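# Coordinate analysis (summary)
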Amino acid sequence: SDYSREPPRHPSLNINAKEPFNAEPTRQDLIVSYITPVDYFYKRNHGPIPILEDNGRYSLAIDGLVEKPIELSLAQIRLLPKYNVTATLQCAGNRRTAMSQQLNVRGVGWDVSAIGNAIWGGAKLSDVLELVGVSKSTSVTSSGGKHVEFISIDKCKEENGGPYKASIPLSQATSPEADVLLAYEMNGEILNRDHGYPLRVVVPGVIGARSVKWLDRITIIEQESQGFFMQKDYKMFPPSVNWDNIDWPTRRPQMDFPVQSAICSLQDVDIVKQGKIRIAGYAVSGGGRGIERVDVSIDGGKTWFEANRYQKNGVPYVSDDDSSCDKWGWVLFEAVVSLQSENADIVVKAVDSSANVQPENVMSIWNLRGILNNSWHHVYVRSTA
Ligand code: MTE
Ligand code: MO
């Protein structure tokens, strides 16, 4: 595979793997703004970045169990109603390094920044599917199609040099409320090569692995995608499963991500000046669930207080107020406190709108692929005069 024509990247990113390129911003950079700048948005790849010239020759095929398969040019996709959806994308491997530190797992190591919140601009998949005769809110086509598979242009070693693939249920793909997009813009700019130029899928509220970049083909199929990343990866196994007894078909591909939060204003082990300190970070939940509460502790979880929550422009966030909040966007939180002792074990946990709470202990959710580490995030701080 060829890594000689990778795009330029911001020098401040922490690189977790070079080929394929996997990098995340520093904690501080991640929360400079509610909308994550493209430069600071994590990049997660399974192969070299495809080279697609801007010559108008790109086309997207839509076929499978549909009445009238078609090919669409980018210009035709741009003619459909355009939506701007603010949505958080999070890799299922976010916070994997912390899980691996307890007991080794397989996979690229990530700190807390394999996540970002962007404004995605594009056509709704539910509108695009109408062009092949699949109407809104359909869960099965007349020819038995139940899943929508996204096939990329990139080449991954896990697929033996074939393209990256994933699928979502047809009911989600045809639901206008699910806001699944075929995006050609990110934060108002043309999608760049790292993030899927010229066209990518964005599935809000679902692990990043289903938001296929460099989209080549959409095909309506009877069963979920049989691709590697749906069948032999990105599944949540119980702590008892190891590489000798793993039985992949016994678990479903992971879709929604669980409630998550992390502190970004401090390192896991940090030294601060005595006085007031700022505890800030992000909280988010999957499936369109809002963030009901962000709890912070400075005594290792014995006592808790609530942090302030906000989205755009620092406006306080109210999760049950649909008009002023971004359903699929993260919430930033902040608390300013004076530490009582020289050493403090600072903790954050979030509660979502279904009252799901992050688990206290990472080993209770340990899994051999190290996905979905959403355990309480601790940082250990020593204050000096
Ligand atoms: N799509 C393709 N074609 N190839 C990939 O390697 N990685 C997936 C997803 N889509 C991937 C892909 C994973 S695991 C994640 S987390 C997101 O893209 C990352 O998107 P980003 O690089 O834009 O942040
Ligand atoms: Mo991912």
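Residues numbered from 1 in each chain as written. Chains lettered and ligands numbered in written order. Predicted model: local features only at pLDDT ≥ 70, side-chain atom pairs only at ≥ 80, totals over all residues. Heavy atoms only, no water.

## Side note on the environment of Asn-160
Let me state the cut-off plainly: Here a helix means four or more residues in a row that DSSP labels H or I, a strand means two or more in a row labelled E, and each is numbered from the N terminus. When a residue's accessible area, from a 1.4 Å probe over protein chains only, is under 20% of the maximum for its type it is buried; when over 50% it is exposed; and in between it is partly exposed.
As for its placement among the helices and strands, Asn-160 is situated in the loop between strand S8 (147-152) and strand S9 (165-169). Note on Asn-160: relative accessible area 75%, which makes it exposed. Placed 68 residues apart in sequence, Asn-160 and Phe-228 show a C-alpha to C-alpha distance of 9.7 Å.

## Focus on the pairing of strand S4 (residues 59-64)
Using the following cut-off: Any two strands with at least two DSSP bridges between them are considered paired.
Here four bridges tie S4 to strand S5 (residues 70-73), and the two strands are oriented antiparallel to one another. Directly across from Leu-60, in S5, lies its bridge partner Leu-72. Relative to strand S13 (residues 215-221), S4 runs parallel, the two sharing four bridges. Among the inter-strand pairings, Ile-62 is bridged to a residue of S13, identified as Ile-218.

## Topic: the packing of aromatic side chains
Note the following rule: Side-chain rings of Phe, Tyr and Trp, where Trp is taken by its six-membered ring, are said to pair if the distance between their centres is within 6.5 Å; with planes under 30 degrees apart they count as stacked, over 60 as edge-to-face, and otherwise as tilted.
Per the stated rule, a full pass over the model turns up 10 aromatic pairs. Aromatic pair Phe-41 and Tyr-42: ring centres 5.5 Å apart, planes at 20 degrees, arrangement stacked. One exposure class covers both Phe-41 and Tyr-42, and it is buried. Geometrically, the ring pair formed by Phe-237 and Trp-248 is edge-to-face, given 5.2 Å between the ring centres and 90 degrees between the ring planes. Of the two residues, Phe-237 is situated in the loop between helix H6 (228-231) and strand S14 (260-263) and Trp-248 in the loop between H6 and S14; the sequence distance between them amounts to 11 residues. This pair shows no difference in class: Phe-237 is buried, exactly as Trp-248 is.

## Some remarks on unusual backbone geometry
Trans is the common state for peptide bonds, and a negative phi is the common state for residues other than glycine. Residue Pro-20 is bonded to the preceding Glu-19 through a cis peptide linkage, with omega at -5 degrees. Here Pro-20 shows up in the loop between strand S1 (14-17) and strand S2 (22-24). A cis geometry characterises the amide bond from Tyr-197 onward to Pro-198, with omega recorded as 5 degrees. Mapped onto the secondary structure, Pro-198 falls in the loop between strand S11 (189-190) and strand S12 (200-202). Here Asp-179, not a glycine, exhibits a phi torsion of approximately 55 degrees, which is positive. Mapped onto the elements of the fold, Asp-179 is located in the loop between helix H5 (170-173) and strand S10 (181-186).

## Remarks on the site of ligand 1
For clarity, the cut-off: Nearness is judged by heavy atoms alone; a residue qualifies as near a molecule or strand once a single heavy atom is within 4 Å of it. Identification of polar contacts relies on pairs of N or O atoms within 3.5 Å, with a donor-acceptor requirement for protein atoms, meaning one able to donate a hydrogen and the other able to accept it, and with residues adjacent in sequence counted only if both atoms are side-chain atoms. Computed with a 1.4 Å probe, the accessible areas rest on the Shrake-Rupley method; for each residue, only the protein chains presented here act as cover. Here a cavity denotes a set of grid points, spaced 1 Å apart and computed over the protein atoms alone, in which a 1.4 Å probe fits but from which it cannot get out, and a pocket denotes an open set meeting protein on both sides within 12 Å along at least five of seven lines; residues with an atom within 4 Å of a point are reported as lining. Here the criterion for a molecule occupying a pocket or cavity is that more than half of its atoms lie within 2 Å of the pocket grid points. Throughout this entry, Asp, Glu, Lys and Arg are counted as charged residues, while Ala, Val, Leu, Ile, Met, Phe, Trp, Tyr, Cys and Pro are counted as nonpolar. The remaining residues, Gly among them, count as polar.
Near ligand 1, the surroundings consist of 20 residues, among which His-46, Asp-154, His-195, Arg-200 and Lys-213 are the closest. Here Asp-154 contributes a side-chain N or O atom positioned 2.7 Å from a nitrogen atom of ligand 1. In the environment of ligand 1, an oxygen atom lies 2.7 Å from a nitrogen or oxygen atom belonging to the side chain of Arg-200. Here ligand 1 has 540 Å² of accessible area as a free molecule, and 100% of this is covered by the chains. Comparing atom positions with the cavity grids shows ligand 1 to sit within the largest cavity. Among the residues forming the shell around ligand 1, the class breakdown is nine nonpolar, six polar and five charged.

## Some details on the environment of Arg-95
Basically, it comes down to this: Residues count as neighbours in contact if any of their non-hydrogen atoms are within 4.5 Å of one another.
Checked against the element boundaries, Arg-95 lands in the loop between strand S6 (82-90) and helix H3 (96-102). Here Arg-95 falls in the buried class, since its relative accessible area comes to 4%. Arg-95 sits 206 residues away from Gly-301 along the chain, and the two C-alpha atoms are 20 Å apart. In this view, Arg-95 contacts Trp-110, Asp-111, Val-112, Gln-260, Ser-261, Gln-358, Asn-373, Asn-374, Ser-375, Trp-376 and His-377; residues no more than four positions away in its chain are not counted.

## Quick look at the nonpolar core
Put simply, the rule reads: The definition of a nonpolar core used throughout is a set of buried Ala, Val, Leu, Ile, Met, Phe, Trp, Tyr and Cys residues joined through side-chain atoms within 4.5 Å. Bear in mind that the domain bounds are from an automatic or database domain assignment.
Counting residues in each nonpolar core, the largest one holds 56 residues, and the members touching the most others are Leu-125, Leu-129, Val-148 and Leu-215. Here this core spans two domains, and each of domain 1 (14-250) and domain 2 (260-384) adds at least three residues to it. Setting aside residues no more than four positions away along its own chain, Val-148 makes contact with Leu-125, Leu-129, Ala-166, Ser-167, Ile-168, Leu-170, Ala-173, Ile-218, Thr-219 and Ile-220. Counting residues in hydrophobic clusters, the runner-up holds 24 residues, among them Tyr-317, Phe-333, Ile-346 and Ala-350.

## A look at the pattern of salt bridges
Filter applied, for reference: By definition, a salt bridge exists where a carboxyl oxygen of Asp or Glu is found within 4 Å of a side-chain nitrogen of Lys or Arg.
Following the criterion strictly, the structure yields 17 salt bridges and no others. A salt bridge links Arg-27 to Asp-111; the shortest N-O distance between them is 2.8 Å. Residue Arg-27 is located in helix H1 (residues 27-30), and its partner Asp-111 is located in the loop between H3 and strand S7 (115-124); the two are separated by 84 residues in the primary sequence. A relative accessible area of 4% means that Arg-27 is categorised as buried. Salt bridges sharing partners connect three or more residues here, namely Glu-6, Arg-9 and Asp-194.

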